[in-house]
Amino acid sequence: MNIHEKISLQSYNTFGVSVNAKYFTKIKSNEELIDAILFAKKNNCEMLFLGGGSNILFTKDFDGLAVVMETKGIVEEKFDDNTIIVTAQAGENWHNFVLYCIDKNFGGLENLSLIPGNVGTSPIQNIGAYGVEIKDVLQSCKVLNIETLTIEKIELPQCQFGYRDSIFKSSEKGKFVILEVSFLLSTQHHTIHSTYGAIKTELEKMKVSNPRIKDISNAVIAIRESKLPNPKIIGNAGSFFKNPTIDFPSYENLKKDFPTISGYPNDSGVKLAAGWLIEQAGWKGKEIGNVATHHLQSLVIINKTGKATGEEIYNFSEKIIQSVQEKFGISLEREVNIL
Ligand code: FAD
Ligand code: EPU
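Residues numbered from 1 in each chain as written. Chains lettered and ligands numbered in written order. Predicted model: local features only at pLDDT ≥ 70, side-chain atom pairs only at ≥ 80, totals over all residues. Heavy atoms only, no water.

Draft legend 1. Local environment of the site of ligand 1. Lining the immediate environment of ligand 1, one finds 32 residues, of which Phe49, Gly51, Ser54, Thr121 and Arg224 sit closest. One nitrogen or oxygen atom from the main chain of Gly128 is found 2.8 Å from a nitrogen atom belonging to ligand 1. At 2.9 Å, a backbone N or O of Ile178 approaches a nitrogen atom of ligand 1. Across the complex, the protein chains shield 92% of the 990 Å² of accessible surface that ligand 1 would expose by itself. Each residue belonging to the shell around ligand 1 can be placed in one class, and the counts come to 16 nonpolar, 14 polar and two charged. (Near = heavy atom within 4 Å. Polar contact = N/O pair within 3.5 Å; in protein donor to acceptor, adjacent residues only side chain to side chain. Areas by Shrake-Rupley, 256 points an atom, 1.4 Å probe, with all protein chains shown as cover. Nonpolar A, V, L, I, M, F, W, Y, C, P; charged D, E, K, R; others polar.)

Draft legend 2. Expanded view of the packing of aromatic side chains. Summed over the entire model, instances satisfying the criterion amount to 13 aromatic pairs. Where Phe248 meets Tyr251, the ring centres are 6.1 Å apart and the plane angle is 50°; that geometry is what we call tilted. With Phe248 and Tyr251 both in helix H5 (residues 248-257) and three residues apart, the pair spans about one turn of that helix. Judged by relative accessible area, Tyr251 falls into the buried class, the value being 8%. Through successive ring pairs, a cluster of aromatic residues spans Phe15, Phe240 and Phe241. Its guanidinium or amino end placed over the ring of Tyr163, Lys271 lies 3.5 Å from that ring's centre, counting from NZ or CZ. In this structure, Lys286 is placed above the aromatic ring of Trp283, and the distance from its NZ or CZ to the ring centre is 4.5 Å. (Phe/Tyr/Trp six-rings, centres within 6.5 Å; stacked < 30°, edge-to-face > 60°. Helix = DSSP H or I, 4+ residues; strand = E, 2+ residues; numbered from the N terminus. Buried < 20%, exposed > 50% of the residue type's maximum accessible area, 1.4 Å probe, protein only. Lys NZ or Arg CZ within 6 Å of the ring centre and 35° of its normal.)

Draft legend 3. Structural detail: the site of ligand 2. Around ligand 2, a shell composed of 21 residues is seen, among which Tyr130, Tyr163, Glu279, Ser298 and Glu335 lie nearest. In the model, an oxygen atom of ligand 2 is placed 2.8 Å from a nitrogen or oxygen of the Tyr130 main chain. In the complex, the protein chains occlude 79% of the 820 Å² of accessible area that ligand 2 would expose alone. Elements represented by at least two residues in the shell around ligand 2 include exactly helix H4 (213-227), strand S13 (235-239) and helix H6 (274-280). Residue contributions to the shell around ligand 2 peak at three residues, all from H6. By residue class, the composition of the shell around ligand 2 is eight nonpolar, six polar and seven charged. Each of two domains, domain 2 (74-227) and domain 3 (235-338), supplies a minimum of three residues to the shell around ligand 2. (Domains from an automatic or database assignment.)

Draft legend 4. Examining the sheet that holds strand S2 (residues 20-27) more closely. Strand order in the open sheet formed by four strands is S1-S2-S5-S3, with mixed pairing between adjacent strands. Since the sheet does not close on itself, it has two edges, and those belong to strand S1 (4-8) and strand S3 (47-50), each with one partner. With direction set aside, neighbouring strand axes in the sheet form an average angle of 45°. Note that S1 and S2 share four bridges and pair antiparallel. Residue His4 lies in a different strand from S2, and its bridge partner there is Phe24. (Pairing = 2+ DSSP bridges. Axes fitted to C-alpha atoms, helices over the stretch in contact; angles between N-to-C directions.)

Draft legend 5. Quick peek at the domain arrangement of the protein. Domain annotation for the protein reports domain 1 (4-69), domain 2 (74-227) and domain 3 (235-338). Each of domain 1 and domain 3 has a C-alpha centre, and the two are 29 Å apart. Buried surface at the junction of domain 1 and domain 3, both sides included, amounts to about 1,000 Å², of which 56% is carbon and sulfur. For the domain 1 face of the interface with domain 3, the top three residues by lost area are Phe15, Asn55 and Leu57, together amounting to 61%. Where domain 1 touches domain 3, the interface holds zero salt bridges. Here domain 1 is connected to domain 3 by four residue pairs in polar contact (both at pLDDT 80 or more). Of the residues belonging to the side of domain 1 that touches domain 3, the class tally is five nonpolar, six polar and no charged. (Buried area = accessible area lost by both parts, 1.4 Å probe. Salt bridge = Lys/Arg side-chain N within 4 Å of Asp/Glu carboxyl O.)

Structure below.
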């Protein structure tokens, strides 16, 4: 393991924000990870674990040790006649892992195609898209307890998954490094999720009437490419805010003033589309300095010129929160991790 000093993190965050880490290392094994933690403890510095950097906004230099997770490996173990346990190391790229599973005819991850980032980060905010979340397929995670340096297994119920949430993002934040994740996937009788959003329309366009898991993946990829900016071309971190849930009476009240608002009932009330709220508040495609919202998706904040600082992006997001609060009385919560 090599520790480098004063390294730019610009190519390690998909916003492309230019900040430096005081110390920086890449780890390829659990032994190197332990060495890195011991270095940080000895030098009394904070640690930051990085996957693809696609859900993070740096507002300042990182005054500690940034550790890029590059552990690789995938293993399979038969569970029963229709189920396989597939375990991937934290540093595997998420989308490549999804494609690997589809190629092997393992079903369950296809709706989560083309989400940037690493396998090891996928449980942190219970990644979700097109009607499926990690919680639907995860069996367990292996983690390293940073304080005790012991390896622990965390089973599905212990993860306390919620919408873009888990213990790793809330109550146990900073306690563990996720080393590997195991998924329970189908091998023969796949459950096809084709009703969410535009999947059906996309399949019709593709002239597919009896979709296989590969068709679902292709449809999801096509939809995503049509409306989300590619972070390799334009800096962004996907949805900047979460979709808010409000109680039913508040929704009924809003509907009187804004008859075109649409809501999706869930266990805690009614979920609203943050993108719609932001667009209605006048922010679709709006630019301030180097920052803008994407012209097709107001929920995505972009580093329009490639020169934005994290602070500029953060201040832009503050203005959106204020506008939506003033117009609708709703507080938007950020999905992206701010540092
Ligand atoms: P990073 O940004 O590197 O890290 C995120 C957080 O996890 C940080 O706090 C980091 O310190 C911590 N961390 C990283 N690795 C570990 C580890 N091994 N152990 C412990 N902590 C760790 N998300 C969705 O849910 N659904 C979507 O549809 C979606 N679409 C997106 C589209 C685009 C274009 C972009 C840019 C992002 C999108 N995202 C989406 C957000 C993002 O891709 C996910 O949150 C992804 O899981 C982040 O992975 P990462 O490896 O890049 O995380
Ligand atoms: N909408 C607008 N204006 C906009 C954007 C959206 O009116 O500028 C409306 C759309 O017309 C649609 C609704 O809002 O009726 C929802 O939009 P979309 O289908 O694009 O999904 P989303 O709610 O904006 C969520 C996730 C995405 C995920 C997609 C697909 C959150 C915060 N975002 O987006 O996840 O890929 O659904 O499942 O839950 C992410 O988390 O980074 C992310 C990209």
